[in-house]
Structure formats: C-alpha cells, structure tokens
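Architecture at a glance
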Amino acid sequence: MSPAPTDDVTFPATVPLVPVKDLVVSPFMIVPLNVARAKSARAIETSLQDSGDRMVFLVAQREAADPDPEPEALHTVGCLGTVLRMARTDGRVRVLVQGLVRARVARFVETEPCFVVEPEPLPDVPVPAEARLRSEALMRATKDNIDRFVKAGGRFPEEVALVVQPVEDPGRLADLVIANLRVGPADAQDLLERVDPLQRLAAINAVLEKELGILDMRQQIEEEARQQMSRTQREYFLRQQLRAIRTELGDEGHEVELDALRQRVEQAGMPPAALHEARRQVERLARLNPESNESAVVRHHVDRLLAFPWVEESPEAVDLLKARAVLDADHDGLDEVKERVLEHLAVHKLKADARGPILCFVGPPGVGKTSLGRSIARAMGRECVRISLGGVRDEAAIRGHRRTYVGAMPGRIVQGLEQAGTRNPVVILDELDKLGGDGRGDPSAALLEVLDPALNHAFRDHFLDVPVDLSRVLFVSTANIVDPIPGPLRDRVELIRLSGYTEDEKLRIARRHIVPRALDAHGIDRAQLTLSDATLRALIRDYTHEAGLRTLEKHVATLCRKVARRVAEGRTGKARVTAARLADWLGPPRRATERLPDVDEVGTVIGLAWTQAGGSVVVVEATRVRGGPGLKLTGQLGEVMKESAHAALSFLRARAEAYGLDPEASFAEHEVHVHVPAGAIPKDGPSAGVTMATAIASVLLQAPVRNDVAMTGEITLRGHVLPVGGLKEKLLAAVRAGIRTVLVPEANLPDLRDLPPGLRRRLRVVPCRHVEEVFREALVRPAASNGVEGPWSTSATAPALEREAR
C-alpha cells in the first residue's frame, strides 16, 4: 500500500454518503465493505457514475444496530474516500474503498434515493515551534513501539512498518498507524476527530503501549501453558514408566487402589474446602512410597476424611405425641423435665435451624440423665452418640491431635459423628462437670466453640484440618453438680435439674423397667422368678440408700444371677423371693452409714445435707466438757460450716439469760465440742447452721432432742433462719431415713410445690423463720427444768421409733 497525499485531494461540492457500522474508516486505510442496504448501494453506484475519481463519504453510525440510520444517527466527522473496486455477488454489492482525508459533513443535500452531503475539509492544525521537540520525541517513541510490536508478533504489516520510518509529519504518521492497527470503533472515531496531530499521535502511541502490554502478557501466558504442558507430559511419561516398573515388581495394585480412592473422594459429597484437601492428600499419597511411614499417615488422614458423614443425615420427623409416648415409656415421673424436653422439640419442629440453648440435665447419679438423652434421640428418629467427658484433661480430646504426632487421632466430637454415621445425631456430653485441665490445655475452652450455635458451623478439628459443620447436631449434656462447670460453658447450656426418686417412684420404676430388663438380660423367664411389691419395697428400704436407681438395679441383677445359676444347674420350679427371705439371697441389709438415734438424746441432732449423690442425713453431735472457754469443731468441717457453728454459739451466749443459763458456768468454765461423724469425708456449707445451734442449745440446756425430727437451714447472729438449696433432695433423704417431721426455712416454702403428693403426705414440714421456732419443735423439756421457761417442744417426749428405713 502506498499512502495517498491528502494535499492532492480535490473536495467535490457534493458527494454520496455511505453509513458504515462497526468500523471507522480513516485516511490511508484500504478496507472491503459489504453493502447490503439499498440506499448505500445507490450511493456507491452514484459515486461510480457521477464522479470521475469515484469519491464517496464514509461515516460511522452512532449505533451499529440501527438498520436504517437517519442523518442525526450518523457522526458528523468521517473520511472522504475512493472506491477502488466493486463486485456484485448473490444480489449483494462488495466494494474495496480507500480512505483519503478526514472531513466534516457541512450539510445534507439529499436523503433520497441516497444520502448526498456537502463535505467540509478538516485539516490538521500546525505544530507550533515550541512543540517541535515534543513532536520529534513522540514520533521516535511511536516508531520504536511499532518495531517492538512487529517483532513481538503483533498484527501490523511489516511493509507499513518500513514505510513509516522516514515519515517526518506527526499527523501523517499517526494516520498511517491508525489505518493499520486494530482500534475499537469508539477509540477510532475519537482519533479521527482530533485535528491536533500531536494529540492524535500521543493517543495512538498510548494504544500501541497497551497493545504491547497485552502481547507481553499473552506471551507470558503461552509460555506458562507450554511449561505446564511439558510438565504434564513429563509426569505422564514418568507415571507410565513407574507403572511399568510396579507391574514388573508385582505392585500394580497400588495404582488401582489410588484410582478407587480418587473415585471415593469425588463421590463423598465433601464441601469445597474438604474436597480440595482430600484431593491434595490423594495426589501426595500417589507420590509417596507405599511402604513409608509418611504414606501411612497420609492414608489415615484421607480415610478419616472419607469416614466423616458430610452429607448423610437421619430424616427428621418430630411428632410431639410420639415423643411424649417415648418419654413416658422410658421414664416414670419427671413431668417437669419431660415438659421442658417437649418444648425444646416443639421449637425444632417449627424451625429446624433454630439455635436454641443446649440442654444440661443436672442431678444425682442414677436418676436417668443419660437415658433421657437417648429417649430424645429415639423420639426425633436420630442416631445417638454418648461422649464421656469424665477425666478428660487434654484439649486434643475435643479438637483432635495434629497429624505431626505419632498416633494422632481426630477429637471425640468428630469420632462421635463418624460412629453415628450421620451429620445430625443427638450427642450426649456425659459428665460435663468432670472436665479437668492441665498443661496440655483446657478441654472446657474447646467445648465453647462446639456448643456455641454461632460458631460451631465451622468447627475445625486439628486432625482433619478442614471446617466441620456441627450446626445440625443436637447436643445434650449431663452433670451431677453445677459448681465445677466453668462460667462461660455454663452460660451456653440450660440447666434442667433432676431430683432423686421417692420410694413409691422407685417401686413403680422397678416393676415397669428394672425387673423386666434384668430378666431379659439374664435369660430368665418371668415364670422362673417372682418378685412381689412387698419384696421390692423391702429391697428398696433395706438395701438402697441413694437418690438414684443404680444400687437397686445391681441387687435385682444379683437376684437374677442366682436364679440363672439354679436354672443352669437343672433345678426346676419357680424361685419365690419374699421380703422375709431377702437376707438369704442378698445377705444382711446394708445399713446407712449414719447411725440415727433410737431415743431422744442430749446433743444429738439429725440434719439434712445435699451431696452429689442427692440428699443425705447427717447426725451432728455436741457435748460440754469442763475446762477453758471455747468451741472445738471436728469431722473435717469446711470454713463455712465452722463459721455457722461460731454464729450459733454467739447467738446462744447473747440469749443465755433468756434461757436461764449462767453465762459464767455455761460458757466461761466449759468448752463446747461439736462433731460431725464420718470424719474422713470433708463437709462444708451453711445449711447445717440450725442443726449445730440446736445441738449446742441441747447441750447447754441439757434438753434432749426429738429423734424423729430433722432440720436444715442457715443461721445468722440474730437467729434468723435463711433459705438453703437442694430442699427436694433433702426431704427425699428424710423419707428414706424414716423421719416424720422436717424443719425448713420459711423462705423455702415455694420449693414445696415441686414435691410429689405422696412425699407431702409422708412428711410433716414445719416452716421456721427464727431458730427459737426450731428449738420449740426439736427440744424436749428436761426433767430437771424446775419450771424454768425455755424453748421447749410443745410435743411430749418422742418415743423411740423403729424407722421404716432401718
């Protein structure tokens, strides 16, 4: 192509106009055009007929999609060109045109049958003298960029690259580059309308720089692709060689195993993070020697990733009527607990993704905390997993071990879900209060993330090292006492307290659940062993002294084993275990560790205490010995219990004259000794305050204490009786011990509403606001009172009682 000098172009008065879409024709550009519009074809024909030099005005459309543009839909600046060649094929006109010079549309002369316009020259503005240095620099930079562009493989004609080198005019150089460089329609129209040659040259030079950058990036991408292809081919050939070697060695099964492993990974339904890690580990495994230790570690990791239930879940259909039936079938009583469980299940039914609190059943051993969790799982149709936390002191037991350690394993949470085989089981965290901590970390801190609904959707086990979703797991926890549970962990659970059972409840549970289960477990028919209600009641009274049912279960199992032996030895006939012959089967009755007084004694008082195993009866003894003044306390008493004893003594000293006591003889010349038996067991708490006060008062006044009365309550220096906790458990312990009257703080009266009706009928509960009310109920007027007014009981001296529990 040779450039046409624009100075020689003669502007016609009028010229046919051809609209062009998706293209801007510029000076020096030679381009073929397909003319499909009839109006444009007539313009070409008019150019060939009326103009000896075949002039035509080529103007770009503003909107390329416009099929029949009007004058206002065309740009005003275009290129005056000439038709070099025309041909007709299949009814279409195909022309080859060359742009000559830029021009502007002065006005439209005709619009039919084709556009005819009056063109107006649009010459370049002269380059000022002070800009010649910049012009020279721009031209050199443009020529250098053209050379670089051609050498880099850019689409630019090499002959044009040679033609532009001697060009000294910046406008002509810019037009030559524009005509041969791919520029978008919008940018090309902008360049065409610029009449300042330096601006036009700077703009096209910027386009060249951008194209060079694109070329460099493309070459870099192609080089990376070639390297990757080379590496892939190299790996392919090496793998083929390795496969051949393994075939010769008879080890081709490893590759088959890897293929099967890859297929399992793809079909496991893992989330993206876990899938990426599993793929990475499988490829790493393929590069390792199957006999190496590292290969075993990697394979164990992949197997654990595959064993985790990423998508498997139990279909959940919560039916509250069925759930109630399941709870009633599995547990007798516990109505308030069942109501709370049903409320929890109702929320899950209405909102499956509800983030409710974690239930924590708190109560003595053997009252059915763990079995309640299993019943919840059965009612919801989910799998159930029990995780024992007793004695766990290592954080890794919850979060898992890092794979760098020998024998590393996932944590118990992940293992529990693997055992369940679903991602939505009921997980029972048993013995939450038995968690410990040492130098290996605090497992209770790790449980914070597990039990927090806002965090456990992305729990990260150290062994798996990928996020695990625990939000679908229903966690249920159990504990014997609340105090050892750390505060932050306690805030994440809802405490539901389970008290001990009464004798009637134990009898009912034994008849409905314990005995049938024991018979079935030992292979004994109901016709081979008969246990009457009287026998079971004697067994409960004489051989069990606990809030729960475990000791009762053990004794029933013992009876079943003895009968099983009889049957195995061939002795036929039904074994009848009566209450009178119970000692022949189980040995002498197991007495309670506390020896309760048979008669009213001075200084011996029956108190009630709360322990981890439920309520218990505690005997407090006091005596007065001659010697220096003071108070001696024995029996491994805690600080709070000691302070209660001192408070009781101070109250009695302050009220000595009112009780007819000689302060000098009673306190200055005698020492009071208070002892709580079972000295090997540490004891503490404020609830023994009234018990100690009654024992000290009995000693000082030489007034016997009724042996059918038990008491509990905290005492102040003014003698007021303050409320205590665990009242229901304490009253159950009193009933088991055969106590008929119990003195409790008046402030604890609302707690009596939780007592079963049968328990209320068997006890006379006396509320006391002041310790003198306790004295009036518990102390018996001594024979040597000589009519002295004192805090004596209004009841007659209680006879010796043969308690049912003894």
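Residues numbered from 1 in each chain as written. Predicted model: local features only at pLDDT ≥ 70, side-chain atom pairs only at ≥ 80, totals over all residues. Heavy atoms only, no water.

Turning our attention to the packing of helix H10 (residues 320–330) against helix H12 (residues 369–380). Between H10 and H12, whose axes approach to 9 Å, the crossing angle comes to 150°. The pairing of H10 with H12 is recorded here as roughly antiparallel in orientation. Judged by the twist between their axes, the crossing of H10 over H12 is right-handed. Contacts from Ala323, Val326, Leu327 and Asp330 of H10 reach H12 at Leu372, Ser375, Arg378 and Ala379. Tallied by class, the residues present in the contact of H10 with H12 amount to five nonpolar, one polar and two charged. (Axes fitted to C-alpha atoms, helices over the stretch in contact; angles between N-to-C directions. Helix = DSSP H or I, 4+ residues; strand = E, 2+ residues; numbered from the N terminus. Parallel < 35°, antiparallel > 145°, perpendicular 65-115°, else oblique. Left-handed = near helix turned anticlockwise from the far one by under 90°. Contact = heavy atoms within 4.5 Å. Nonpolar A, V, L, I, M, F, W, Y, C, P; charged D, E, K, R; others polar.)

Glancing now at the packing of helix H18 (residues 533–543) against helix H19 (residues 550–568). Put simply, H18 and H19 touch, their axes get as near as 10 Å, and they point 125° apart. The angle between H18 and H19 places the two elements in the oblique class. H18 and H19 meet at a crossing whose hand is right-handed. Note on element contacts: H19 touches H18 through Thr551, Leu552, His555 and Val556, opposite Leu539, Ile540 and Tyr543. Classifying every residue of the contact of H18 with H19 by side-chain character gives five nonpolar, two polar and no charged.

Attention now moves to the packing of aromatic side chains. Tallied over the entire structure, the rule returns two aromatic pairs. Plain terms: the ring middles of Phe108 and Phe115 are 5.7 Å apart, the flat faces sit at 75° to each other, and that makes the pair edge-to-face. Both rings, one in Phe308 and one in Trp310, keep their centres 4.6 Å apart while their planes meet at 55°; by these two values the pair is tilted. The burial state of Phe308 is the same as that of Trp310; both residues are buried. The aromatic ring of Phe115 is capped on one face by Lys39, whose charged end is 4.5 Å from the ring centroid. (Phe/Tyr/Trp six-rings, centres within 6.5 Å; stacked < 30°, edge-to-face > 60°. Buried < 20%, exposed > 50% of the residue type's maximum accessible area, 1.4 Å probe, protein only. Lys NZ or Arg CZ within 6 Å of the ring centre and 35° of its normal.)

Turning our attention to helix H24 (residues 727–736). Burial analysis of H24 places nine of its ten residues in the buried class, the great majority of the element. Phi turns positive one or two residues past the end of H24, at Gly738, with a value near 85°.

In this section: the sheet that holds strand E8 (residues 384–388). Spatially, five strands are ordered E8-E9-E12-E7-E13 in an open sheet, and the strand pairing comes out parallel. At either end of the open sheet lies a strand with only one pairing partner, and these are E8 and strand E13 (493–497). The average angle at which neighbouring strand axes cross in this sheet is 25°, direction not considered. In this structure, E8 lies alongside strand E9 (residues 426–430), joined through five bridges in parallel fashion. Bridging from a neighbouring strand, Val385 pairs with Val427 of E9. This element, H12, spans strand E7 (358–362), E8, E9 and strand E12 (474–479) of the sheet and lies at about 165° to E12. Packing of helix H14 (residues 412–420) onto the sheet brings it into contact with E8 and E9, and relative to E8 it is tilted by some 150°. (Pairing = 2+ DSSP bridges.)

Our focus in this paragraph is the pattern of salt bridges. Evaluated as defined, the whole model comprises 41 salt bridges. Two residues, Asp330 and Arg378, come together in a salt bridge whose shortest N-O distance is 2.8 Å. Residue Asp330 is located in helix H10, and its partner Arg378 is located in helix H12; the two are separated by 48 residues in the primary sequence. We classify Arg378 as partly exposed; its relative accessible area is 45%. Residue Arg769 pairs with Glu746 through a salt bridge whose shortest N-O separation is 2.8 Å. Of this pair, Arg769 sits in the loop between strand E26 (764–768) and helix H26 (771–778) while Glu746 sits in the loop between strand E25 (741–745) and helix H25 (757–762), and the two are 23 residues apart along the sequence. When its relative accessible area of 31% is taken as the criterion, Glu746 is described as partly exposed. Each member of the salt-bridge network shares a partner with another, and the members are Arg102, Asp124, Asp175 and Arg200. (Salt bridge = Lys/Arg side-chain N within 4 Å of Asp/Glu carboxyl O.)

A separate point is unusual backbone geometry. Residue Pro113 follows Glu112 across a cis peptide bond; omega there is 0°. Position of Pro113 among the secondary structure elements: in the loop between strand E5 (92–110) and strand E6 (115–121). At Asp22, a position not held by glycine, the phi torsion is positive, near 60°. Residues other than glycine seldom take positive phi values, yet Gln702 does so here, at roughly 55°. Positionally, Gln702 belongs in the loop between helix H23 (689–701) and strand E21 (704–705). In this structure Gln702 comes out as partly exposed when scored by relative accessible area, which is 42%.

Here we come to helix H2 (residues 132–151). Its 20 residues give H2 an end-to-end C-alpha distance of 29 Å, which sits within 8% of 28 Å, the value for a rise of 1.5 Å per residue. Along H2, the positions that sit buried rather than exposed are Ser135, Leu138, Met139, Thr142, Lys143, Asn145, Ile146 and Phe149. The buried residues of H2 occupy an angular sector of 160° when the element is viewed end-on, so they sit on one face. For H2, exposure combined with an orientation more than 90 degrees from the buried face picks out Leu133, Arg140 and Lys151. (Expected span 1.5 Å × (residues − 1). Arc of directions from axis to C-beta.)

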